[in-house]
Amino acid sequence: MNYSATAMEAVAQPQPHVAMFAATGKGHLFPLIELARKLLRCQSFAVTVIIPDDGSSLEPQKDLLRTVPGTNLALLPPVSLDDIPPTAPIEIPIILSVTRSIPALRRVLADLQSSVHLTAFIADVFGVHAFPMVKELGIQIYLFQPSPAMMMSLVLHLPQLDQSCTCQFRDLPEPVKLPGCVPVNGSDLFDPIQDRQSEVYKSVLEMFGHFKEADGVLINSFPAMEEDTFKALEEACESGGFPPVYPIGPVIRSGSENCNSKEECLKWLDEQPDRSVLFVSFGSGGTLSSLQMKELAAGLEGSGQRFLLVARRPNDLVRTGAYFSGKGEMDPGVYFPASFMEKVKAGKGFVVTNWVPQVEVLRHAAVGGFLTHCGWNSALESVVHGGVPLIAWPLFAEQKMNAVLLSEGLRVAVRVREGEDGVVDGDQIAKLVRKVVEGAEGAELRRRARELKEAAGAAMGEDGSCNKAVADLARKVSGKK
Ligand code: UDP
């Protein structure tokens, strides 16, 4: 039989294989898995998702991976973090769990190289510490940035800011003008750079320095949302100062996993009038103090509006057996006033103590506003599935920057302001809730949120920026031009 050379090559071409490394938490893994799903739709790939073992249950991650045929899970052996004092900032154990896992990660990648056609390594931000090792193996590297393009502008600008500024950023007299971004007060910049004398600050500078080693940076945002910022990043790329940027967002879940509260909470929403409920959630792990929880309850109660609240144990209450309900969670009656719990009993509000199906909640017609900690996944889910006005209550990481973008940049949010004691008082909360759910300003925020939702829909459409960027990436990681 006579085959042409091209046909023979086509037959012999092995299936490209991509390794994805998610260093931490569901907030990073969920969008990475969604990206895998999108890549797999573009081309015939195989994907191995590699996760360091931090001792937590990986069942939700495994369940999610089962829904994406063509993906395998490689769990790295646990590393000891016993030497890290409990007072160490959260970033330290994450960074050390990555750096201490590098030898094991190298073995997994080398094994893949010897058994499959491994073409690319895609890692979340903490994975950058592995970049020098991955470069040695000769594998293409892509960095997945699960936050807005604005954050990448900070990455680019921080060395210059570090050189030119002698004080703490929060003491700068003027807002910082990151290229292409709405001005940000120094105190709103990324949390881990707030103490410039700290070890974490040095680690962040080092970490940001690794970004340039990537062959491409995948940003979970879209140009219609951050047009000028994407332009500034493109210019930096053209001048050779930054890797090519792929605006792959919004990469978000289209539905939530099952959870205990799912049926009950959606049923309660079904019974509420359209656009009447404020959804309140601080992400997968955000918590407040008991004093702040009381003020939140007073604010929700005082607003007279309906609410669906995800309430976690206040971060200053010790776990003791007596406080816990049958499901092992703290009974909210312990930290919320009786009058508030009465309102809940009367059906005016609904309190969930662990997890809600957030995507379905945001999509529900009864939801009229979202009080959010501004985690980037929540922000994107709200833009895509909700199109509702937001109350921005940022807690940590880059959430204050996200809040600035959502409130001052995109004007789809109003922001809470902490008092000098660091607490947001109930009166302010009540006013903001009323403003967002029923006021004229809320209507204007809602109009812009709807516009943004349409823009997100266009970005996710067949010819949209998201699909183009993912298709471009799929070509690159499959070894094509
Ligand atoms: N989430 C959820 N139910 C909850 C809390 C969170 O489904 O009760 C999901 C939410 O939809 C989002 C993710 O968890 O996809 C939280 O990510 P985000 O970036 O908003 O915040 P983080 O948890 O990383 O602070």
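Please refer to the structure placed before this passage.
The structure contained in this document is the topic of the report that follows. (Residues numbered from 1 in each chain as written. Predicted model: local features only at pLDDT ≥ 70, side-chain atom pairs only at ≥ 80, totals over all residues. Heavy atoms only, no water.)

**Observations concerning the side chain of Arg196**
Mapped onto the secondary structure, Arg196 falls in the loop between α7 (149–164) and α8 (199–210). Among the polar contacts listed, one links the side chain of Arg196 to the side chain of Asp162, at a separation of 2.9 Å. Side chain to side chain, Arg196 and Tyr201 meet in a polar contact 3.3 Å long. (Helix = DSSP H or I, 4+ residues; strand = E, 2+ residues; numbered from the N terminus. Polar contact = N/O pair within 3.5 Å; in protein donor to acceptor, adjacent residues only side chain to side chain.)

**Section: the environment of Val128**
Tracing the backbone shows Val128 in the loop between β4 (117–124) and α6 (131–136). Distance from Val128 to Phe21, taken between C-alpha atoms, is 9.9 Å for residues 107 residues apart in sequence.

**Looking at the nonpolar core**
Of all hydrophobic cores here, the largest spans 100 residues; its most connected members are Leu109, Phe121, Leu154, Leu189 and Leu308. Examining the composition of this core, we find that eight residues originate from one element, α7, more than from any other. Ignoring any residue separated from it by four or fewer positions in sequence, one finds Leu308 in contact with Cys265, Trp268, Leu269, Val277, Leu278, Phe279, Val280, Phe350, Val352 and Val361. (Core = buried A, V, L, I, M, F, W, Y, C linked by side-chain atoms within 4.5 Å. Buried < 20%, exposed > 50% of the residue type's maximum accessible area, 1.4 Å probe, protein only. Contact = heavy atoms within 4.5 Å.)

**Focus on the pairing of strand β11 (residues 367–372)**
The buried fraction of β11 amounts to six of the six residues, a majority that puts the element mostly inside the structure. Inspection of the sheet shows strand β8 (residues 277–281) paired to β11 by five bridges, in the parallel sense. Each bridged residue has a counterpart across the sheet, and for Val277 the counterpart in β11 is Val367. Bridge count for β11 against strand β12 (residues 390–392) is three bridges, and the pairing is parallel. Paired with Leu371 across the two strands is Ile391, which belongs to β12. (Pairing = 2+ DSSP bridges.)

**Side note on empty space enclosed by the protein**
By the definition in use, this model includes one cavity of 30 Å³ or more. Here the largest cavity defines a volume of roughly 60 Å³. Along the walls of the largest cavity sit Phe282, Gly286, Thr287, Leu288, Met293, Leu296, Leu309, Val310, Ala311 and Arg312, which together make up its complete lining. Broken down by secondary-structure element, the contributors of at least two residues to the lining of the largest cavity are α11 (290–303) and β9 (306–310). Residues belonging to the lining of the largest cavity are distributed by class as follows: seven nonpolar, two polar and one charged. (1 Å grid on protein atoms, 1.4 Å probe; cavity = no way out; pocket = protein on both sides within 12 Å on 5 of 7 lines; lining within 4 Å. Points joined across faces, edges and corners; volume = space filled by probe spheres on them. Nonpolar A, V, L, I, M, F, W, Y, C, P; charged D, E, K, R; others polar.)

**Points about unusual backbone geometry**
With an omega of -5°, the peptide bond running from Gly249 to Pro250 counts as cis. Structurally, Pro250 can be placed in the loop between β7 (245–247) and α10 (262–270). The phi torsion at Arg275 lies on the positive side, around 55°, for a residue other than glycine. Even without being glycine, Cys374 reaches a positive phi, approximately 70°. Its place among the elements puts Cys374 in the loop between β11 and α14 (376–386).

**Remarks on the environment of Asn402**
You can see Asn402 is positioned in helix α15 (residues 399–409). For Asn402, a relative accessible area of 0% translates into the label buried. A C-alpha to C-alpha distance of 16 Å links Asn402 and Leu445, two positions 43 residues apart in sequence. Apart from the residues lying within four places of it in its own chain, the contact partners of Asn402 are Pro148, Cys374, Gly375 and Trp376.

**Quick word on the environment of Cys167**
In this structure, Cys167 sits in the loop between α7 and α8. Note: C-alpha distance between Cys167 and Asp195 (28 residues apart in sequence) is 9.9 Å. If sequence neighbours within four positions are ignored, Cys167 has contacts with Leu172 and Arg196.

Scope: geometric values only; no functional claims are made or implied.
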